[in-house]
Amino acid sequence: MTMPRRRPGRPRRDDQRPTHDLVLAAATALFAERGFDAVSVRDVAAAAGVDVATVAHHTGTKAQLYDACFARVFSAEREALEAAGQRAAEALTAGPDQALRALHELVDVFVDFLEDRPETTALWLRRWLEPQRHAELDRRYSAPLYAQVERLLAAAARAGALVEPAPHVTVRSLVWAVHGHVVALAARSGSAARERREFRAFVHRLLDGLYPPATP
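A.B. asks: Before we move on, can you summarise the pattern of salt bridges with the specific residues and values?
C.D. replies: The tally for this structure, following the rule as stated, stands at 12 salt bridges. Between R87 and E105 there is a salt bridge, and its shortest N-O distance comes to 2.4 Å. You can see R87 sitting in helix α4 (residues 62-91) and its partner E105 sitting in helix α5 (residues 96-116), a full 18 residues away along the chain. Residues R127 and D138 are paired through a salt bridge, measuring 2.3 Å at the closest nitrogen-oxygen approach. With a gap of 11 residues between them, R127 in helix α6 (residues 118-128) and D138 in helix α7 (residues 135-141) connect regions that are remote in the sequence. One continuous salt-bridge network, built from bridges that share partners, spans D108, D112, E115, R196 and R200.

Following this line, the structure appears as structure tokens:
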């Protein structure tokens, strides 16, 4: 029996999200797995369950689609960090202990975000394998978040809540540590829950070592 063909752009019955979201989710997964050059628009269309024309209609060229994938993860990450960052900024006037506690919370939010969305790490790692290509993605979708936390650390230092001579180095080092942790989780055959507990404990020890309580 001949089955009726699905109309172009119509989502599968088991996934009724908007077509634009389906396309971006499929593209993000593919780019994270294979990188930019190894993924075609046809691959994305097949993974999303739509035709090539529908992908082009919603996202434009492959380069524009690639950009949109980074914009998508950037938006989700910014939303996740925004409230914790605001609480950390407000804690600066409450004293060193409260400021450090808020920084711990901010790091926890970041770790949770990447653990729950490992495709974010995979997508960025693929991009960083070719540092000379698509450098504008860093300027648009990672630098703003780095700068936000750098400004927070600099403000905490000015307020006397901690001593931080090089916030840009600290932020980038922490970010890379968390990305490395996410990669290790994906490759680990043992207990992911244990790995998560151990890494979070390490990050908290690291923060406490970087910013010890002020000596009376």
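Past the structure itself, the notes keep going.
A.B. asks: Requested: an account of the nonpolar core, with residues and values cited.
C.D. replies: Ranked by size, the top nonpolar core spans 57 residues in total, and within it F31, V44 and L65 carry the most contacts. Leave out the neighbours within four places in its chain, and L65 touches V23, L24, A27, F31, V44, V55 and T59.

A.B. asks: Account for helix α1 (residues 19-34), naming residues and giving values.
C.D. replies: Helix length check: α1, at 16 residues, gives a terminal C-alpha distance of 22 Å against a target of 22 Å (1.5 Å per residue), a fit within 8%. One or two steps after α1, the chain reaches G35, where phi turns positive at roughly 90°.

A.B. asks: So what's going on with helix α9 (residues 167-187)? Residues and values would help.
C.D. replies: For α9, with 21 residues, the first-to-last C-alpha span of 31 Å sits near the 30 Å given by 1.5 Å per residue. Taken together, the buried positions of α9 are occupied by P167, T170, V171, L174, V175, V178, H179, H181, V182 and L185. Seen end-on, α9 carries its buried residues on one side only, within an arc spanning 160°. Packed against the buried residues of α9 are α5, α6, α8 (143-158) and α10 (192-210).

A.B. asks: Break down the confidence of the model for the protein for me, citing the residues and quoting the values.
C.D. replies: Summarising the model, the protein shows a mean pLDDT of 89, and 90% of its residues fall at 70 or more. By mean pLDDT, the top-scoring element of the protein is helix α2 (residues 41-48) (96), and the lowest-scoring one is helix α3 (residues 52-59) (92). Below pLDDT 50 for its whole length, residues 1-14 participates in 18 contacts with residues either more than four positions away or in separate chains.

A.B. asks: Any chance you could break down the side chain of H104 for me, citing the residues and the numbers?
C.D. replies: Along the polypeptide, H104 turns up in helix α5. Classification of H104 by relative accessible area gives buried; the value is 13%. When neighbours within four sequence positions are excluded, H104 is seen to be in contact with H204, L207 and D208.

A.B. asks: Outline the packing of aromatic side chains, listing residues and values.
C.D. replies: Both the distance between ring centres and the angle between the ring planes are used here to describe each pair of aromatic rings. All told, the structure shown has nine aromatic pairs when counted by the stated rule. Seen in terms of ring centroids, F31 and Y66 are 4.8 Å apart; in terms of plane orientation they differ by 75°. Their pairing is edge-to-face. One end of the pair, F31, is in helix α1; the other, Y66, is in helix α4, and 35 residues separate them in sequence. For the pair F31 and Y66, one class covers both residues: buried. Ring geometry for F70 versus W124: centroids 4.7 Å apart, planes at 75°, classification edge-to-face.

Cut-off values and rules
Residues numbered from 1 in each chain as written. Predicted model: local features only at pLDDT ≥ 70, side-chain atom pairs only at ≥ 80, totals over all residues. Heavy atoms only, no water. Salt bridge = Lys/Arg side-chain N within 4 Å of Asp/Glu carboxyl O. Helix = DSSP H or I, 4+ residues; strand = E, 2+ residues; numbered from the N terminus. Core = buried A, V, L, I, M, F, W, Y, C linked by side-chain atoms within 4.5 Å. Buried < 20%, exposed > 50% of the residue type's maximum accessible area, 1.4 Å probe, protein only. Contact = heavy atoms within 4.5 Å. Expected span 1.5 Å × (residues − 1). Arc of directions from axis to C-beta. pLDDT = per-residue confidence, 0-100. Phe/Tyr/Trp six-rings, centres within 6.5 Å; stacked < 30°, edge-to-face > 60°.

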